[in-house]
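Here are the chains, one letter per residue:
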Amino acid sequence: MARTSNPTKYLFVTGGVISSLGKGIAASAIGAILEARGLRVSFLKLDPYMNIDPGTMNPREHGEVFVTDDGAETDLDLGHYERFGSANMSRGNNFTSGQIYWSVLSKERRGDFLGGTVQVIPHITDEIKAAIRGAASGYDILITEIGGTVGDIESQPFLEAIRQMRFEEGQENVAYLHVSFVPYIAAAGEVKTKPTQHSVRELRAIGIQPDILVIRSERPIDDDIKRKIALFCNVASEDVISCPDVANIYEIPLLLRNEGVDERLVEQLGIWTRAPRMEAWERLVEHIRTPTHEVTIAIVGKYIALTESYKSLNEALYHAGYHHRTTVRLKFIDAEEVERDGAQQHLGDVDAVLVPGGFGKRGTEGKILAIRYARENGVPFFGICLGMQLAVVEFARHVAHLERANSREFDADTDQAVIALMAEQADVTEMGATMRLGAYPCVLAEDSLAASIYQTRRISERHRHRYEVANAFRPNLEQAGLRLSGLSPDEQLVEVVELPDHPWFLACQFHPEFKSRPTSAHPLFRSFIKAALERQARVEAEA
């Protein structure tokens, strides 16, 4: 194991040439390898945008909002950090320019700077360094990812702060890793290193010399290209790491391990560790590459133009597939198209239906049609957050004889609001960080499907919502056959609903996808994929 008396080490990850290179995946994969060496690893994401957090940003622009146990609405890269590692992230693992500037300006208003002039250097950079050191406490190594691309104006204070860190923490305690891109020019039949050279030159101009280069490319780069990059970027050729496109992101820890990135890091940072134990990752990749079954899962939503909006959800379904050695095909369906064309046209060829979370009225009637189709045709159905609320609306309308049933979110005047605003949300006017956020306990009913899946009656899951099942209508729903199988400990909030007379129909108010990992799929998703396989087998037997 790692010596715990050593000071915390810092690895700073930057990106160049283009965005969406996969810095977060690279950082997560490196963290996984270092954990496999016995080190205690944590992560920090520094985002240059001025929003306080991504909570109010459009998912189609920014992608998923990842929610932590302590209720922070964070960047989707924190989901990667948790899925590849063992540490649970918190609000201390993601800072934006907005948060940093807000904190500094609040101090200025309090008079903390004694009338001095507040400047980017040192006040903003000191605040950034304080955030970095706070996230590092208690760990052997902190991997910090700088959002954006080198050269962006917005990221300059963050880059200056990490430049200062090497001088303050010591050369032996800080390493810089730069993720860059080498394009392949098909017409010339060769790769071009010039963009990477310019990106590294940009970093060196502000005083940061990368220690390791992770080169993203369509295909592996050979030793000649590595030597060329090393020569022009002032690094050793063994510190140029090839990271080509792979079929599955969970292959990347093994790929980077084979390239020796961990050996170079522990050598440069002077860390004493055991050899990495990668058996769990090897087993996972072997399962991924050798599936024995395949299922198709319909995801009926409104953000399908950017599937990153459902990143954790997608991954949780894949994880469950790996558990069952099953390839999971995701069929993203625009809820408005279901409303226009009918459910049968879009769902007739799928093995299960999932309606995820979301906000706003658009597409809700299409989702309700999808839920009804799944309920009436015995298709496994999984509803999450808004998906649960709409499952309640659908059941109320078509089974409990509450024809005007709706959510108060979508119809403020309905007299059958089976979904209503939570009492503590009634006087909330601001949008940011004002929902029911983070981990809350839930008690599952004895002999329920949910309890049998979890193998326990007491659970804790992460939430992100404002609306809940209206208690006034609970008797109507239960008398009609809907089982409210998960409640808050005080029994005031409905957390899980299910249909006992259906092969698999379960919906939850929380977001179980946030706690799924590739080597430990979430039990609800494991059960859901198993139900899809069983339905597929029944259909084939009847054909």
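Heads up: the structure comes first, above all this text.
Every value quoted in this text rests on a predicted model; they were computed, and no experiment measured them. (Residues numbered from 1 in each chain as written. Predicted model: local features only at pLDDT ≥ 70, side-chain atom pairs only at ≥ 80, totals over all residues. Heavy atoms only, no water.)

Engineer: Go over the overall build of the protein chain with me, naming the residues and quoting the values.
Structural biologist: On a plain count of helices and strands, the protein chain comes out with 19 helices and 23 strands. Taking 24 Å as the expected radius of gyration for a compact globule of 543 residues, we find that the protein chain reaches 25 Å, a close match to that expectation. The principal-axis extents of the C-alpha atoms in the protein chain amount to approximately 75 × 65 × 50 Å. The 543 residues of the protein chain split such that 58% are buried. Partitioning the intrachain contacts of the protein chain with sequence separation of at least 6 by distance along the chain shows that 73% fall at a separation of at least 24. A total accessible area of about 22500 Å² is found for the protein chain, and carbon and sulfur atoms account for 47% of it. (Helix = DSSP H or I, 4+ residues; strand = E, 2+ residues; numbered from the N terminus. Rg over C-alpha atoms; globule rule 2.2 N^0.38 Å. Buried < 20%, exposed > 50% of the residue type's maximum accessible area, 1.4 Å probe, protein only. Contact = heavy atoms within 4.5 Å. Areas by Shrake-Rupley, 256 points an atom, 1.4 Å probe, with all protein chains shown as cover.)

Engineer: I'd love a proper account of the packing of aromatic side chains, names of residues and values included.
Structural biologist: Across all of its chains, the model carries 13 aromatic pairs by this definition. Here phenylalanine 84 and tyrosine 250 contribute two aromatic rings whose centre-to-centre distance is 5.3 Å and whose plane-to-plane angle is 35°, an arrangement assigned as tilted. Of this pair, phenylalanine 84 sits in helix α3 (residues 77-84) while tyrosine 250 is found in the loop between β11 (240-244) and α9 (252-259), placing the two residues 166 residues apart along the sequence. The exposure class assigned to phenylalanine 84 is buried, which follows from its relative accessible area of 4%. For tyrosine 250, a relative accessible area of 0% gives the class buried. (Phe/Tyr/Trp six-rings, centres within 6.5 Å; stacked < 30°, edge-to-face > 60°.)

Engineer: Help me get a handle on the sheet that holds strand β15 (residues 381-384), residues and values and all.
Structural biologist: Pairing is mixed across the open sheet formed by 9 strands, whose spatial order is β13-β12-β14-β15-β23-β22-β21-β18-β19. The strands lining the two open edges of the sheet, one partner per strand, are β13 (326-334) and β19 (458-465). Geometrically, the sheet is characterised by an average inter-axis angle of 25° between neighbouring strands, direction not taken into account. Taken together, the 9 bridges between strand β12 (residues 293-301) and β13 define a ladder with parallel strand orientation. By the bridge assignment for β13, isoleucine 299 is matched with phenylalanine 332. The strands that helix α19 (residues 523-542) touches are β12, β13, β14 (352-355), β15 and β23 (505-508); relative to β12, the one it contacts most, it runs at about 115°. (Pairing = 2+ DSSP bridges. Axes fitted to C-alpha atoms, helices over the stretch in contact; angles between N-to-C directions.)

Engineer: Describe in detail helix α6 (residues 156-169), supporting the description with residues and values.
Structural biologist: For α6, with 14 residues, the first-to-last C-alpha span of 20 Å sits near the 20 Å given by 1.5 Å per residue. Looking only at α6, the buried set comprises Pro157, Phe158, Leu159, Glu160, Ala161, Ile162, Gln164, Met165 and Arg166. (Expected span 1.5 Å × (residues − 1).)

Engineer: Account for the nonpolar core, with residues named and values stated.
Structural biologist: General note: in soluble globular proteins, nonpolar side chains tend to be found buried as a group. Core analysis: the largest hydrophobic core is formed by 48 residues, its most contacted members being Leu11, Ile30, Ile143, Leu177, Leu256 and Val261. Sort the elements by how many residues they give to this core and helix α1 (residues 23-36) lands first, with 9 residues. Core analysis: the next-biggest nonpolar cluster, separate from the first, contains 44 residues, Ile368, Ala405, Phe410 and Leu477 among them. (Core = buried A, V, L, I, M, F, W, Y, C linked by side-chain atoms within 4.5 Å.)

Engineer: I'd like to hear about the pairing of β11, residue by residue, with values.
Structural biologist: On a regular strand, each side chain points to the face opposite its neighbour's, so the side chains alternate between the two faces of the sheet. With respect to burial, β11 is a largely interior element, 5 of its 5 residues being buried. Side-chain alternation along β11 places Val240, Ser242 and Pro244 on one buried face and Ile241 and Cys243 on a second face that is also buried. Direction of pairing for strand β10 (residues 212-217) relative to β11: parallel, over a ladder of 5 bridges. Of the residues in β11, the one forming a bridge with serine 217 is proline 244. Traced from β10 through helix α8 (residues 223-233) to β11, the parallel crossover comes out right-handed. (Right-handed = clockwise from strand over helix to strand, strands pointing away.)

Engineer: Describe unusual backbone geometry, and please don't skip the residues or the numbers.
Structural biologist: A cis geometry characterises the amide bond from isoleucine 121 onward to proline 122, with omega recorded as 20°. Mapping proline 122 onto the fold places it in helix α5 (residues 120-136). With a phi angle near 65°, aspartate 447 is a residue other than glycine that sits in the positive phi range. When you line up the elements, aspartate 447 lands in the loop between β18 (436-444) and α17 (449-454).

Engineer: Requested: an account of the sheet that holds strand β20 (residues 467-469), with residues and values cited.
Structural biologist: Pairing is mixed across the open sheet formed by 3 strands, whose spatial order is β16-β17-β20. Sheet topology places β16 (406-407) and β20 at the edges, where each strand pairs with a single neighbour. Here 2 bridges tie β16 to strand β17 (residues 417-421), and the two strands are oriented parallel to one another. Counterpart to serine 407 in the pairing with β17 is isoleucine 419.

Engineer: Just give me the short version of the pairing of β18, but keep the residues and values in it.
Structural biologist: Pairing geometry for β18 and β19, over 8 bridges, is antiparallel. Bridge pairing links valine 443 to arginine 458 in β19. Across 2 bridges, the pairing between β18 and strand β21 (residues 483-487) is antiparallel. Note that in β21 the partner of valine 443 across the bridge is leucine 487.

Limitation: the analysis is restricted to geometry and does not speak to function.
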